[in-house]
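# Fold and contact review
Read off the chains here:
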Amino acid sequence: MHPNLFLQAGVDEAGRGPLAGPVVVAAVILPAHYDLGGLDDSKRLSAHSRERLVPLIENQAIAFVVEFVEVEEIDRVNILRATLNGMQRAVENLDPAPHRVLIDGNRAPQLCCEVQTVIGGDRLVASISAASVLAKVYRDRLMLGMHELYPDYGFDRHKGYPTTLHLERLRNLG
């Protein structure tokens, strides 16, 4: 890799709204030229489209990290602080390290490089969109695994989000 190449990472998370499961943070550095046809904010893509994009992102990225922020950390420090901690760990584990980090939203952790928040960044910045897709798919896969362990909760349908079904199952099952 050329030593003068300016590296910019995109960061996004999935799982701040659910009542079950971890927050998953992804950080992605894309090359100047990539072929990720159909890339968009993960919430605007079908599950099939997201799954199709994952190997493309993983194979074309200069670097990517997916960080799981476990429920114990969320309970200990609160959801926002835990998410920011996960973002910090994800960025710190990128190799090579980025020169600038663009983070979806309006809150960012302290990092040892330039940081910029981008509201709606998962629709506007390709590396944030790629991070959005990785975070969502990795979290969904984990929640499908949770469904295998606890099928009565219906994690295969709601992925831990507070849907009518999930709230009903929590009331009935605890």
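Residues numbered from 1 in each chain as written. Predicted model: local features only at pLDDT ≥ 70, side-chain atom pairs only at ≥ 80, totals over all residues. Heavy atoms only, no water.

## Some details on the pairing of strand E3 (residues 63-69)
For clarity, the threshold we go by: Between buried and exposed lies partly exposed: a residue is buried under 20% and exposed over 50% of the maximum accessible area for its type, with that area taken using a 1.4 Å probe on protein chains only. Helix numbers and strand numbers start at the N terminus; a helix is a DSSP run of H or I with at least 4 residues, a strand a run of E with at least 2. Only when DSSP finds a minimum of two bridges between them are two strands counted as paired.
Buried residues dominate E3, accounting for five of its seven residues. Looking at chain direction, strand E2 (residues 23-29) and E3 are connected through seven bridges and run antiparallel. From the neighbouring strand, Ile29 faces E3, where its bridge partner is Ala63.

## As for the packing of helix H1 (residues 47-60) against helix H5 (residues 126-149)
When two helices pack together, their arrangement is given by the angle between their axes and by how far apart the axes lie. Quick note on the threshold: Every axis corresponds to a line fitted to the C-alpha atoms, with the helix fit spanning only the stretch in contact, and the corresponding angles, defined between N-to-C directions, vary from 0 to 180 degrees. Any angle between 65 and 115 degrees counts as roughly perpendicular, while under 35 counts as roughly parallel, over 145 as roughly antiparallel, and the rest as oblique. In this scheme the handedness of a crossing depends on how the near helix is turned from the far one: anticlockwise by less than a right angle means left-handed, clockwise means right-handed. The contact rule is simple, with two residues in contact once any of their heavy atoms fall within 4.5 Å. Throughout, the ten residues Ala, Val, Leu, Ile, Met, Phe, Trp, Tyr, Cys and Pro are labelled nonpolar, Asp, Glu, Lys and Arg are labelled charged, and all others, Gly among them, are labelled polar.
Running from N to C, H1 and H5 point in directions that differ by 120°, and their axes come no closer than 9 Å. Classified by the interaxial angle, the pair formed by H1 and H5 is oblique. The handedness of the crossing between H1 and H5 comes out as left-handed. Here Arg50, Glu51, Leu53, Val54, Ile57 and Glu58 of H1 come into contact with H5, specifically with Ala130, Val133, Leu134, Lys136, Val137, Tyr138, Asp140 and Arg141. Split into classes, the residues belonging to the contact of H1 with H5 amount to eight nonpolar, no polar and six charged.

## Considering unusual backbone geometry
A cis amide bond links Asp95 to the next residue, Pro96, at an omega of 10°. Looking at the element boundaries, Pro96 is found in the loop between helix H3 (79-92) and strand E4 (100-104). Positioned with a positive phi, Asn78 is a non-glycine residue whose angle comes to about 95°. With phi around 55°, Lys159 is a residue other than glycine that occupies positive phi space. Along the polypeptide, Lys159 turns up in the loop between helix H6 (155-158) and helix H7 (164-173).

Coordinates in, geometry out; function isn't part of it.
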